[in-house]
Amino acid sequence: PRCFVPVPVAPGARPPTPAPGMAQPLHSEVAIESTRIESEEFQKRLQEAGAIGVCRPVRVIASVAEPGCKVGEQEIVLHVVRHGQGFHNLLNDLYREMGRNKFNPATGEGGAENPYVRPE
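First, a word on scope: everything that follows refers to the structure included in this document.

This next bit is on the overall build of the protein. If you tally the helices and strands in the protein, you get two helices and zero strands. Scored against the burial criterion, the 120 residues of the protein give a buried share of 18%. Here the analysis covers contacts within the protein between residues at least 6 apart in sequence; of these, 54% occur between residues at least 24 apart.

Attention shifts here to the packing of aromatic side chains. The full count for this structure, using the stated rule, is two aromatic pairs. With a centroid separation of 6.5 Å and 55 degrees between ring planes, the pair formed by Phe103 and Tyr116 is classed as tilted. Of this pair, Phe103 sits in the segment after helix H2 (87–97) while Tyr116 is found in the segment after H2, placing the two residues 13 residues apart along the sequence. Judged by its relative accessible area of 6%, Phe103 falls in the buried class. Taken together through their ring pairs, the aromatic side chains of Tyr95, Phe103 and Tyr116 make up a single cluster.

Quick look at a nonpolar patch on the surface now. A surface patch of nonpolar side chains, amounting to about 410 Å² of accessible area, comprises Phe87, Leu90, Leu94 and Met98. Mapped onto the elements, Leu94 comes out in helix H2. Since its relative accessible area comes to 38%, Leu94 is described here as partly exposed.

Glancing now at H2. What H2 keeps buried is the set Asn89, Leu91, Asn92, Asp93, Tyr95 and Arg96. Trailing H2 by a residue or two, Gly99 shows a phi angle of about 80 degrees, which is positive.

The next thing to look at is the environment of Leu90. Relative to the helices and strands, Leu90 resides in helix H2. Sequence spacing of Leu90 and Pro115 is 25 residues, and the spatial spacing of their C-alpha atoms is 8.9 Å.

Our next topic: the packing of helix H1 (residues 29–48) against H2. It is the contact of H1 with H2, at a shortest axis distance of 9 Å, that shows an interaxial angle of 105 degrees. In terms of their interaxial angle, H1 and H2 are classed as roughly perpendicular. For the pair H1 and H2, contact is made by Val30, Ala31, Ser34, Ile37 and Glu38 and by Asn92, Asp93, Arg96 and Glu97, respectively. Along the lines of polarity and charge, the residues of the contact of H1 with H2 split into three nonpolar, two polar and four charged.

This paragraph deals with H1. Taking 1.5 Å of rise per residue, the 20 residues of H1 would be expected to cover 28 Å, and the 29 Å separating its terminal C-alpha atoms lies within 8% of that figure. Three or more residues of H1 are buried, namely Ala31, Ile32, Ser34, Arg36, Ile37 and Glu38. Those residues of H1 hidden inside the fold are in contact with H2. Following H1 by one or two positions, Gly50 has its phi on the positive side, about 75 degrees.

How each quantity is defined
- Residues numbered from 1 in each chain as written.
- Predicted model: local features only at pLDDT ≥ 70, side-chain atom pairs only at ≥ 80, totals over all residues.
- Heavy atoms only, no water.
- Helix = DSSP H or I, 4+ residues; strand = E, 2+ residues; numbered from the N terminus.
- Buried < 20%, exposed > 50% of the residue type's maximum accessible area, 1.4 Å probe, protein only.
- Contact = heavy atoms within 4.5 Å.
- Phe/Tyr/Trp six-rings, centres within 6.5 Å; stacked < 30°, edge-to-face > 60°.
- Patch = residues over 30% accessible without salt bridge, like charges linked within 9 Å, V, L, I, M, F, W, Y side chains within 5 Å.
- Areas by Shrake-Rupley, 256 points an atom, 1.4 Å probe, with all protein chains shown as cover.
- Salt bridge = Lys/Arg side-chain N within 4 Å of Asp/Glu carboxyl O.
- Axes fitted to C-alpha atoms, helices over the stretch in contact; angles between N-to-C directions.
- Parallel < 35°, antiparallel > 145°, perpendicular 65-115°, else oblique.
- Nonpolar A, V, L, I, M, F, W, Y, C, P; charged D, E, K, R; others polar.
- Expected span 1.5 Å × (residues − 1).

Here it is, written out as structure tokens:
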């Protein structure tokens, strides 16, 4: 069985190099730092909940499904979709750029300083 093992985001990790012809990096330094901070906070919560290092005897065999294909009795169709940048993610980066970083995205702490719990 395989276990979930977190992969830490290294402090000072560099963003991907922009494709030729792109004028600017894909992610700002603040966005990269936000990702590192939030990854650490969420991994800490997973550790505290006992969810890291859990092993289960699961076997996954995957293939690309053709539209309209029949799914077997012990099969499922899994759609893998990338979560896009949400408005709260942009606010998070802007808040951190302005030095407003006294919030915790994992717990919701921080009141008006937390862009993840701001009313729309």
